Amino acid sequence: MTELRNVEADLSRFRVRVLVAGLAVLFCFSLVVARLLYLQVYRHPDLLAQAESNRTAVVPIVPNRGLILDRNGIVLASNYSAYTLEITPSKVADLEATIAALEQLIDIQPRDKRRFKRLREESKGFESIALRTRLSDEEVARFAARRFSFPGVDIKARLFRSYPYGELGSHVVGYIGRINQAEKDAIEEREEEGNYRGTDYIGKLGVEQSFEKELHGHTGVEQMETSAGGRAMRRLATSPATPGNTVMLSLDIGLQKLVEDMFGSRRGALVALDPRNGEVLAFVSKPSFDPNLFVDGIDQESWQALNESLDKPLLNRALRGTYPPGSTYKPFMAMAALETGKRSATAIINDPGFYMFGGHRFGSPENERGGLMDMNRAIVESSNVYFYTLANEIGVEAMHDFMAPLGFGQLSGIDINGEVRGVLPNQAWKRRYFKRPEQQKWFAGETISLGIGQGYNSFTMLQLAQATAILANNGIKHKPRLVMGTQDPVTRALHPLPADPPVDLGYKPGNVAIIRKALVGVTQGGTSTRVFAGANYLSGGKTGTAQAVSIGQKDKYNKARLEENQRDHALYMAFAPADNPTIALAVIVENAGWGAGVAAPIARRVFDYVLLGQYPSEEDMLAVQAGRAAAPIGKPRLAADMQALLVGDTPGAMVLAPGQKAVAARQPQPPGPAAKDQAVQTPRQGGAAKPVKKPAKPDLPAAAPKTLAN
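Here's what I pulled together on the structure shown here. (Residues numbered from 1 in each chain as written. Predicted model: local features only at pLDDT ≥ 70, side-chain atom pairs only at ≥ 80, totals over all residues. Heavy atoms only, no water.)

## A few points about the side chain of threonine 582
Argument step 1. When you line up the elements, threonine 582 lands in the loop between β22 (569-576) and β23 (583-589).
Argument step 2. If we ignore the near neighbours within four places in the chain, the residues touching threonine 582 are Leu273, Asp274, Pro275, Arg276, Leu281, Ala576, Pro577 and Leu611. (Helix = DSSP H or I, 4+ residues; strand = E, 2+ residues; numbered from the N terminus. Contact = heavy atoms within 4.5 Å.)

## Structural notes on the packing of helix α10 (residues 253-263) against helix α23 (residues 618-625)
Argument step 1. Relative orientation of the contacting elements α10 and α23 amounts to 60°, with a least axis distance of 7 Å. Our classification of the angle between α10 and α23 gives oblique. Contact residues: α10 offers Leu258, Asp261 and Met262, while α23 offers Met621, Val624 and Gln625.
Argument step 2. Here the residues of the contact of α10 with α23 are counted per class, giving four nonpolar, one polar and one charged. (Axes fitted to C-alpha atoms, helices over the stretch in contact; angles between N-to-C directions. Parallel < 35°, antiparallel > 145°, perpendicular 65-115°, else oblique. Nonpolar A, V, L, I, M, F, W, Y, C, P; charged D, E, K, R; others polar.)

## Brief notes about the sheet that holds strand β12 (residues 280-286)
Argument step 1. The five strands are arranged β12-β11-β23-β22-β21 in an open sheet whose pairing can be described as antiparallel. Two strands lie at the open edges of the sheet, namely β12 and β21 (540-546), each paired on one side alone. When the angles between neighbouring strand axes are averaged without regard to direction, this sheet yields 5°.
Argument step 2. Strands in contact with helix α20 (residues 461-472) are β11 (268-273), β12, β22 and β23; relative to β23, the strand with the most contacts, it is inclined by about 150°.
Argument step 3. Strands β21 and β22 of the sheet are contacted by helix α21 (residues 509-525), whose axis makes an angle of about 70° with β21. (Pairing = 2+ DSSP bridges.)

## A look at the pattern of salt bridges
Argument step 1. Inspection of every chain in the model, using the stated rule, returns 23 salt bridges.
Argument step 2. The closest approach of N and O atoms between arginine 142 and glutamate 138, which form a salt bridge, is 2.9 Å. Pair noted here: arginine 142 and glutamate 138 are both in helix α5 (residues 137-145), with a separation of four residues, about one helical turn.
Argument step 3. The exposure class assigned to arginine 142 is partly exposed, which follows from its relative accessible area of 33%.
Argument step 4. What makes glutamate 138 exposed here is its relative accessible area of 54%.
Argument step 5. A salt bridge links arginine 436 to glutamate 438; the shortest N-O distance between them is 3.2 Å.
Argument step 6. Several salt bridges share partner residues, and in doing so they unite Arg65, Arg161, Glu208 and Glu212 into one network. (Salt bridge = Lys/Arg side-chain N within 4 Å of Asp/Glu carboxyl O. Buried < 20%, exposed > 50% of the residue type's maximum accessible area, 1.4 Å probe, protein only.)

## What about the environment of lysine 635?
Argument step 1. Along the polypeptide, lysine 635 turns up in the loop between α23 and β25 (637-638).
Argument step 2. On the basis of relative accessibility, which here comes to 73%, the residue lysine 635 falls in the exposed class.
Argument step 3. Lysine 635 sits 21 residues away from glutamine 614 along the chain, and the two C-alpha atoms are 9.5 Å apart.

## A short note on empty space enclosed by the protein
Argument step 1. A full pass over the atoms with the stated rule returns three cavities of 30 Å³ or more.
Argument step 2. Roughly 60 Å³ of volume is contained in the largest cavity.
Argument step 3. Every residue along the wall of the largest cavity is listed here: Leu76, Tyr163, Pro164, Tyr165, Gly166, Leu168, Ser170, Val173, Ile253 and Pro291.
Argument step 4. A breakdown of the residues in the lining of the largest cavity according to their chemical character gives eight nonpolar, two polar and no charged.
Argument step 5. Within this model, the second largest cavity holds a volume of roughly 50 Å³.
Argument step 6. Every residue along the wall of the second largest cavity is listed here: Leu273, Pro275, Gly278, Gln466, Ala469, Ile470, Ile476, Lys477 and His478.
Argument step 7. Of all the secondary structure elements, the ones that give two or more residues to the lining of the second largest cavity are α20 and β17 (476-477).
Argument step 8. The element that contributes the greatest number of residues to the lining of the second largest cavity is α20, accounting for three residues.
Argument step 9. When grouped by side-chain class, the residues that make up the lining of the second largest cavity number five nonpolar, three polar and one charged. (1 Å grid on protein atoms, 1.4 Å probe; cavity = no way out; pocket = protein on both sides within 12 Å on 5 of 7 lines; lining within 4 Å. Points joined across faces, edges and corners; volume = space filled by probe spheres on them.)

Right under this line is the structure:
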C-alpha cells in the first residue's frame, strides 16, 4: 500500500530548519560584524599605534651636555664627538670569535675587553655596547670595507666629555660616569625618566654633579620609518634635543693653576674668596686626579692607583678635609673676647712661657718671646699663654656660640655637594660623640687647648676662609658660591644665579678694626714679616702650625724623628688689601711645618697675582715648591702672559676677549670627523669614585697637646 507524505508537515519542518540555519548564519555574521566594530572602532587607536610602532621607531636624541667655563670664559669642560666600534650581543652568534676577528682589523687592548665585559654584564642584550672608542679614520675605513662580515657590529658617533686641563681644578669641575642603580631610582623618583632616555652618563662629582639639571639639557626624539627587518628607511618627524646650559664659575683658572703649581707634590688645600660677595676665586685640593680617566670608564689599574694611594687624590681636601686651625684661630678668639666683653684690647697678661691650670703645665713654643701682652701684641707675636687664659675666661659654651655664626663646625652651604661639618666642640657635642659615660664628661682642662686652635677643634679650609672673609668684610657674611650664572645655548641669554642675602653678624666696627689692625701687624712686624717684605700693598694675616698627632708636654717636637705624615701642618689665613679687602683666603700645607715658612709664601704670591697681575719667576716658583721661600725673588712674570700661555697650550681651551659673551668659547676639536645628521649618543662609562671614608674619631690625648711654633 502506498504511503502518502504529509507535504504540509514537511514544509513546516523545512521552514523551521531554514529559519534555524538563517538565525545561525545571522548570529555568526553578527559576531563578525561586532568583532569588526570592536576592532575598527573601539580598538582603533590602540591598533593604529601598534601598526605605527611596527612601521616606525622612536629614537631618543641625547642632548649635548653644557659647557663649564671659568670667570674669564675659559672652557673647563666640553664635548667632542668621535667614532666608536659597538656590538649588539643579541645579534652576534659567537661573540668571542667576532671580537677575535675584529682584532685583526682594529687595535683592541685588554682594557677594552675588560670594559666591554663589565658593560655587557650591566646592560640589556639588545643594547649596543662600545668595544673600542675614539677610532681613527683609518680604523673606520678598514672596518667599513669588511662590515658585511660582522652582523651585529657597527660604527657609531658618540659624544665624549673632555676636560682640557686634566687635573687642574678637577675637584671643583668633577667628572661624569655611568648611571648606577641608585641614580636611576632617583631619576624615577623625580619623574625624569623620559629626559634620560638614551643617556648613559650623569655628573658624579663637583659642578658636574651639583648642576646636573642645568648641564644635561632636554632629550629630543626622532621618528623613523623602518623596514620589516628593522632597518631605518626614512625620517618621519623630529623633535630636536635642547643642549644643556653653559655653567659659568667664579673660579679663576689662572689663579687655580698658580696655586696648584706652588703646592708641587705636597698635600694640602687653599680656598680664596671675594669677601664682598662670597665668590670663590680659587678652590684647590692637592694632590688631584685626571677626570678624563673616567670618561670611557676607568680601567682597574688606574682606579686602584687612585683609590689606594696614601696621598688620597680623590679626597677634596678643601671641602672634606678637616684640620685643627692652630694659631689662625687666635684672631677669632680675640674677637670673641671683645664682643662678649670678657676682655678688653688693652688688658695686660703676663706670658712667662707657660700656663699652669689644674696642676698641669701648658707650654709655649721655644721661639716665643713672652712678656707682657695686650691683645695686639698677643696676635702679632702669637702668644699661646694669652689665649690659654682667654679660653679659660670665655669657656667652651660661649666659644661655641660665638664661633658657630662665623661658620666653624657648620655647613657653609656652598653650591657643590659633599661638604663636611667638621667639629666645633662643646659639652653637648662630646656627649653625642662618645659612647662611654666616662668619656662624655667635659673637663675644664680641655677648654684650654681650644684657645690656640688645638684640642677637638677640626675645620675645613672653606670654613676658615669664610670666617676670614667675614672678618675682612666687617662682620658681613656671604654664602660661598662657585657658580655665578648660566647661559642658554639657544637664546644666548645670560641668567645670573641669585645670591643669598648677606647676614650682618652685628659686630661693633671698633672691635673689628682692632683685630684687623693686629692682623696687619702680623705682616709688618710679626711672624709673616719676611714673606711680605716689599709688597706694594698692605695685607692682614695670621700664621698657624697645627699638630697632626698629639705630643706630650714633656716631649720635644723633633721633625726628624717623626714619620712624614705625623709632622705638623702649616697654615695661613689672610686678606688684602688691608683697607678694602677684595680677597680672603685660607691655606694649609700638610705635614710641612711652620706656617710662616711654607703656607704664608703661597698667600703672598696669590695676592701678587690678584692685586698686581704678577706671576712668580721660575726660580721663585721652585723656592715656593721646596718650602724655602720668603719674599718673591727674581723678576716676576705678567699674569696675563701666563694665562695666554695656559690657554694656548691646551687644545680646546679659550679665553674670551673683554666683553665677549661666554657662548663664543669654542669646544675641543674631535680626533676624527663626527658623523653628520645622526643622533650622537653618549658613551657607556663606569668607575665612579668610591665615597671617602669618614674621618676617624679624634683620640683623647693622654696629655695636653704640646704647644706649637707659629
